[in-house]
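Coordinates in review
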Amino acid sequence: MQVKTLLGQWRQIPPAIWIVVLMCLIYGKVAPGFFTLSNLTNVAMQAAPLLIVAVGVTTVILTEGIDLSVGFIMGLVSVVVSLLLKAGLGIWWAMLGGLGAGFLCGLTNGVMVASVGLPPFIATLGVGSMAYGVGLVLTEGQSIQALDPVLLFLTNGSLAGVNMSIILAAAVFGICWLLMYETAFGRNVISLGGNPEALRVVGVNTRRVSILVYGVSGLLAAVAGLLVASRTGSGYAAAAMGWDFDAIGATIIGGTSFEEGKGGIGKTVLGVLLISILRNGLNVAGVHNMYQFALIGLVVLGTIVLDVRFRQTVEGGLKAQ
Amino acid sequence: MSSQPILEARGIVKQFPGVRALDGVNFDVRPGEVHVLIGENGAGKSTLSKILMGVIAADEGEILFEGRPIRLRSPLDARQHGIGGVYQEFMLVPWLNVAQNIFLNREPRRWKGLPFVDHRRMHEESREILSAFGLEVDTRLPVKHLDTALQQMVEISKVLSTSPRVLVLDEPTAMLTDREVSRLFERIEELRRQGVAIVYISHRLQEIRKIGDRVTVLRDGRYVGTVNIRDVSDDQLVEMMVGRSISQMYPRSRRAPGAEALRLQGFSVKGGPQEADFVVRYGEIVGLAGLVGAGRTELVRGIFGIDPIQKGELLIDGRKVTPRSPNQMIQLGVGLLSEDRKRFGLALKSPVHWNTVMASLRRHFPRGVVRERKVQSIAREYVEKLRIVTPSVLRQVRYLSGGNQQKVVMAKWLDTKAKILIFDEPTRGIDVGAKAEVHALMDQLAQEGNAIIMISSDLPEVLGMSDRIYVLFQKRIVGEFKHGEANQEKIASLMLGIGTGVKTNAS
Amino acid sequence: MNRNVRALIAPIFRLTFVAALCIALTIMNENFLTWTNIINVLRQATLLVIVGLGLTAVILTAGIDLSVGGVLALVGCTTAQLLKSGLPIPVAVLIGLAVGTAVGFLNGVMVGVIKLPPFVATYGAKWIAEGLALLLMQGQIIFGFPSSYRWVGVGYVGPIPVPIILTAILVLAFDFFLTKTVVGRDIYALGSNRDAAYYSGVSVCKITILVYTLSGLTAGIAGLLMTARLDAAELGMGEPFLMQGIASVVMGGTSLLGGEGRVTGTVIGAIILTLVVNGLNLMGVPALWHQIVLGAVILTAVFIDLQMKKWAN
């Protein structure tokens, strides 16, 4: 605490914020189109599905778990929706089916971790790859067209001048915020990572909390999967490869850590912004797609390194190991 | 005081791997009394309290609540009977705020039937609960940001706010300052008048006299007896706890201190002792006394290259050394037997033989190729020499008793052939028999010409074992005694900062 | 004695599992128990085994390396490009291996010095490695290597394929290194209790860097073998190895908590996974299904392994 006051206010600003500011400055210079309203809307639209998945991943990480299946779940959901549409089901049923599939995958993750006792990342990687496999088998590895107007409206439509996907992300985020900070569920999530024994002692069924957390993460991945299907107008098992990395990166850059349930979904917004601005800026600046892959990995990892360093100085906690 | 016990335990037996923690223990507590449970470390006090609170289940015996047998399968069961308590372990959630911790899983709701928490009421009530202790804490702070004393008070407030009928307090004052201790005692007095039955675990005799009515003594997991506290003297209590009088306990062969082994000059460690001057010679045992938090452990961690040195000098055999890592210090012939053997001493899931050579592999196998048979025979020698009770050196150390685990750690350091050995709380949590053996071994090591630094919270041990004693208070060395000059009162008062000229704020 | 017998339960169970799989496959398909097919299975298993070697060392320290697939692809693609550009084989191979080792070293620094959670550091490295591979390949597939290079992947010494011999040597070397040397014991000590190891003079930092570097190296070797065998290098070639690699290690009885396990177990784990794939192929199950079956087998096998260990204690 003392160290914190000594270091002064400005040094408490996490490095992620500096990097966002720096990126904006650079992009403003390099790419004239960056600071236009339409482009900023673009950033927000790109951020929308990522924010939705990342919030789910954040809750899982708060419980000292991990979810590597979200990218696969998103792909599967886009496939399920497209196939249900193709089979002639109404769009609402199709979307419900997709959400159900995602939620089910999430719950399976939870059962594997909390009841069966598998290490979280083996469990989620295993379930995720099975979800991917199901997606592949259902589509024979092909992309399935899904040009339903309601589905497309999620990306193209707007309400009161605001793009639908932004509204959807904001709504999802709002609901999650209520869940996390206004109800016992959120307190359970934070306690499960912080001190599960304390939670057990007051009579909470920690296993159920854990299963539910993975379920929520799966459900949110499913919502994001709908947005991806809507944007591409298709269902494809590999549509969201690598999204898990972005989501985990956004969570950690934001300041949620794997220890003691520290952090929160509010912080993840910052991480999501960083990644989305980075990606959009690279596009606007005309950097070729091929360079983006490695560059984004580099920036995300670099920010995390800075962030770990930053927290070590602020907390002055250079203990033995 | 009413005479009917509200909670009673009969013939409780609890077996842990390698140790019989409780062996036919009886205990009862009546409404409106403070029943103290005392015993040495490892006597089984905490195990018994956990059984009473439903955290762990007894193997045998029964528990009666208001005369009727009950089963406590979980802490929730206990809570439903009105049994609540403060555990020795940290039971707060670090990143939840004070109010959230106090109201964990019983938050006030904003609207009936809806899951939304009424934050305003929760904070208000938390403030009321805390102000009953005279605490002005911002209830919106995460408990992680409070110091340990405040955390402990939050923990106690959390239990008291559930209005328990039986209150179990397991060493609640360990982390508290004077002022908070007296507030806590006032509250306990108040609760007693209201008819709450209180189980109070401690090993501080003064404290017990202040608030206790009856006292039950445990020794090595066995029930020794229950007495009215006013009917016994401190000496009698100690004898009940220890089983013999103190004077016979500590072996001291004739020792002849030789050359200077290790010297500190103006030694300051980050977050630890400041400006320490300190000498140990070969062939002597030097005791370090002080309260928890006085800087004893930080001092030796500094010497061992774990915590960074701020200034000052460390000389080993007269040569200046800057400690950088344990690895370097081990090569210079220093060994540190840490206070927390499970965390810093042992690989619990590894067998005895690999633990024995963990710090000395390179010495045995300079060419880098390990022969497991040789390792086993080395370990077997130590098992014999230190009388470690284990069916085989291939046994994982987690299955050994505390005393035998400690001996494995000692074997590890002996095997480095270190000439300067630092023992941090070498007999904490081990039974009396093993204690005597550890003492004999330390005596023998000193006699063979090793330099030994011993940290201990057990004053009789410090007095009995040491050739010289340094006393630390609030990160400073405030006194030095030779064997025979010191007595319990002198050291205790220095430990508490009396007569040191340093401002007191610890009990 | 009783306890020693119990400690053998899990390994015996694993071998029984392999035997049962073999018997089942023999009954279901007459082509299974042929010399060609057995050799084929073993040769297919080699890549997974080699990746699993370095990974075992990492997991023994209670770490994890999620970058193995990425490194494998990066090394394969780098070497392929260099060979295409006409560099002599030894130079291209050495540069390729150096790249893999370098990524591993960086992982080690991030985990050991900067103290990032292993899983975050190596996951980041995975994406960077794959990104670099993408840059190198520009979306193409490189094929057609000199036959002297391909010999490592497809050649024979007598009746036995070169990759099997190479793998056997590597397995023996790793097993010796991990169980019979001082550094190997330090790795186990570090994984059993990091703090206690540090207090006992183990150079935690150096050992951490070492195991991740080794993992980069073995993933690189696997990358070379794979390009040599397929006579091609492509971007996605490392993909299956992340999950199957970790699964082989865990199914082989190495604990993700560190300090417990052995590379011989990893070999068995890799063979089980390869047998499953082989069986699916022999039975004519379409490749698309493999992902699902493998996921299920891995989850089940890890579960059974955990149960076995619980029971043995």
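In this text, all values refer to a predicted model and were calculated from it rather than measured experimentally.

1. Quick word on the side chain of Asn37(C)
Summarising the element assignment, Asn37(C) is placed in helix α3 (residues 35-60). Those residues in contact with Asn37(C) that sit more than four places away from it in its chain are Asn31(C), Phe32(C), Asn278(C) and Leu282(C).

2. Considerations on the interface of chain C and chain B
Of the residues lining the interface, 23 residues belong to chain C; the matching set on chain B comes to 33 residues. Taken together, the links from chain C to chain B amount to two salt bridges. Two residues, Asp195(C) and Arg343(B), come together in a salt bridge whose shortest N-O distance is 3.2 Å. Our enumeration of links across chain C and chain B arrives at eleven residue pairs in polar contact (both at pLDDT 80 or more). Elements supplying a minimum of two residues to the side of chain C that touches chain B: α1 (2-7), α8 (162-180), α9 (182-192) and α10 (194-199) of chain C. If you tally residues by element for the side of chain C that touches chain B, the top one is α9(C), at six residues. Of the residues that constitute the side of chain C that touches chain B, the class distribution is nine nonpolar, eight polar and six charged.

3. A short note on the pairing of strand β19 (residues 468-473) of chain B
Residues and elements named next belong to chain B. The buried fraction of β19 amounts to six of the six residues, a majority that puts the element mostly inside the structure. Bridge count between strand β13 (residues 285-289) and β19: four bridges; the pairing is parallel. Looking at the pairing, alanine 289 lines up with valine 471 of β19. What sits between β19 and strand β20 (residues 476-482) in their antiparallel hairpin is a turn of two residues, with glutamine 474 showing a positive phi close to 45°.

4. Some words on the domain arrangement of chain B
All names here are of chain B. Looking at the assigned domains, one finds that chain B contains domain 1 (7-247), domain 2 (248-333 + 419-507) and domain 3 (346-417). Inter-centroid distance (C-alpha atoms) of domain 2 to domain 3 is 26 Å. Across the boundary between the two partners, domain 2 contributes 14 residues, which contact twelve residues of domain 3. When domain 2 packs against domain 3, close to 1,100 Å² is buried across both sides, 73% of that on carbon and sulfur atoms.

5. Description of the interface of chain A and chain C
Contacts between the two partners involve 43 residues from chain A and, on the opposite side, 42 residues from chain C. Here chain A packs against chain C, burying approximately 3,700 Å² in sum over the two surfaces, 84% of which is carbon and sulfur. The interface formed by chain A and chain C contains zero salt bridges. Where chain A meets chain C, there are one residue pair in polar contact (both at pLDDT 80 or more). Going through the elements one at a time, α6 (120-139), α12 (243-254) and α14 (289-315) of chain A are the ones with two or more residues in the side of chain A that touches chain C. Top element by residues in the side of chain A that touches chain C is α6(A). It accounts for 13 residues. Its residues assigned to classes, the side of chain A that touches chain C comprises 31 nonpolar, nine polar and three charged.

6. Regarding the sheet that holds strand β12 (residues 276-281) of chain B
Sheet strands pair via backbone hydrogen bonds, and the direction of the pair is either parallel or antiparallel. Residue and element names in this part refer to chain B. Reading across the sheet, the four strands line up as β12-β11-β14-β15 and stay open at both edges, with antiparallel pairing between neighbours. Strand pairing shows two members of the sheet lacking a second neighbour, β12 and β15 (319-321), which therefore form its edges. Direction aside, neighbouring strands of the sheet carry axes that sit 20° apart on average.

7. Quick word on the confidence of the model for chain B
In this model, chain B carries a mean pLDDT of 87, and residues with pLDDT of at least 70 account for 95%. Here residues 503-507 of chain B scores under 50 on pLDDT; set against residues more than four positions off or in separate chains, the count is 16 contacts.

8. Some thoughts on the environment of Leu92(B)
Among the secondary structure elements, Leu92(B) is positioned in the loop between β6 (83-86) and α3 (98-102). Residues Leu92(B) and Gln152(B), spaced 60 residues apart in sequence, show a C-alpha to C-alpha distance of 9.2 Å. Dropping the residues within four chain positions of it, Leu92(B) is found in contact with Asn195(A), Ala198(A), Asn101(B), Val143(B), Gln151(B), Val154(B), Glu155(B) and Lys158(B).

9. Digging into the side chain of Thr181(C)
Take Thr181(C): it is sitting in the loop between α8 and α9. At 2.5 Å, the side chain of Thr181(C) and the backbone oxygen of Phe177(C) are in polar contact. Looking at Thr181(C), its side chain comes within polar contact range of the main-chain nitrogen of Gly184(C), at 3.0 Å. If we skip the residues at most four places from it in the chain, Thr181(C) touches Gly368(B), Val369(B), Val370(B) and Phe176(C).

10. What about a nonpolar patch on the surface?
A cluster of nonpolar residues, Ile13(A), Ile17(A), Trp18(A), Val21(A) and Leu25(A), forms a patch on the protein surface that exposes about 440 Å² of accessible area. Mapped onto the elements of the fold, Ile17(A) is located in helix α2 (residues 15-30).

11. Some thoughts on the packing of α12(A) against helix α13 (residues 265-284) of chain A
In helix packing, the relevant descriptors are the interaxial angle and the interaxial distance, both defined with respect to the helix axes. All names here are of chain A. One can describe the packing of α12 onto α13 by two numbers: an axis separation of 7 Å at closest approach and a directional angle of 125°. Here α12 lies oblique to α13, going by the angle between them. Where α12 crosses over α13, the handedness of that crossing is right-handed. Mapping the contact onto sequence places Asp246, Gly249, Ala250, Thr251, Ile253 and Gly254 in α12 and Lys267, Thr268, Gly271, Val272, Leu274, Ile275 and Arg279 in α13. Along the lines of polarity and charge, the residues of the contact of α12 with α13 split into five nonpolar, five polar and three charged.

12. Observations regarding the packing of helix α3 (residues 37-62) of chain A against helix α11 (residues 206-232) of chain A
Residues and elements named next belong to chain A. At a minimum axis separation of 7 Å, α3 and α11 run at an interaxial angle of 165°. With respect to α11, the axis of α3 lies roughly antiparallel. α11 is crossed by α3, and the crossing has left-handed handedness. On the side of α3, the interface is formed by Met45, Gln46, Ala48, Pro49, Ile52, Val53, Val55, Gly56, Val57, Thr59 and Val60, while α11 contributes Val213, Tyr214, Ser217, Leu220, Ala221, Val223, Ala224, Leu227 and Arg231.

Rules behind the numbers
Residues numbered from 1 in each chain as written. Chains lettered and ligands numbered in written order. Predicted model: local features only at pLDDT ≥ 70, side-chain atom pairs only at ≥ 80, totals over all residues. Heavy atoms only, no water. Helix = DSSP H or I, 4+ residues; strand = E, 2+ residues; numbered from the N terminus. Contact = heavy atoms within 4.5 Å. Salt bridge = Lys/Arg side-chain N within 4 Å of Asp/Glu carboxyl O. Polar contact = N/O pair within 3.5 Å; in protein donor to acceptor, adjacent residues only side chain to side chain. Nonpolar A, V, L, I, M, F, W, Y, C, P; charged D, E, K, R; others polar. Buried < 20%, exposed > 50% of the residue type's maximum accessible area, 1.4 Å probe, protein only. Pairing = 2+ DSSP bridges. Domains from an automatic or database assignment. Buried area = accessible area lost by both parts, 1.4 Å probe. Axes fitted to C-alpha atoms, helices over the stretch in contact; angles between N-to-C directions. pLDDT = per-residue confidence, 0-100. Patch = residues over 30% accessible without salt bridge, like charges linked within 9 Å, V, L, I, M, F, W, Y side chains within 5 Å. Areas by Shrake-Rupley, 256 points an atom, 1.4 Å probe, with all protein chains shown as cover. Parallel < 35°, antiparallel > 145°, perpendicular 65-115°, else oblique. Left-handed = near helix turned anticlockwise from the far one by under 90°.

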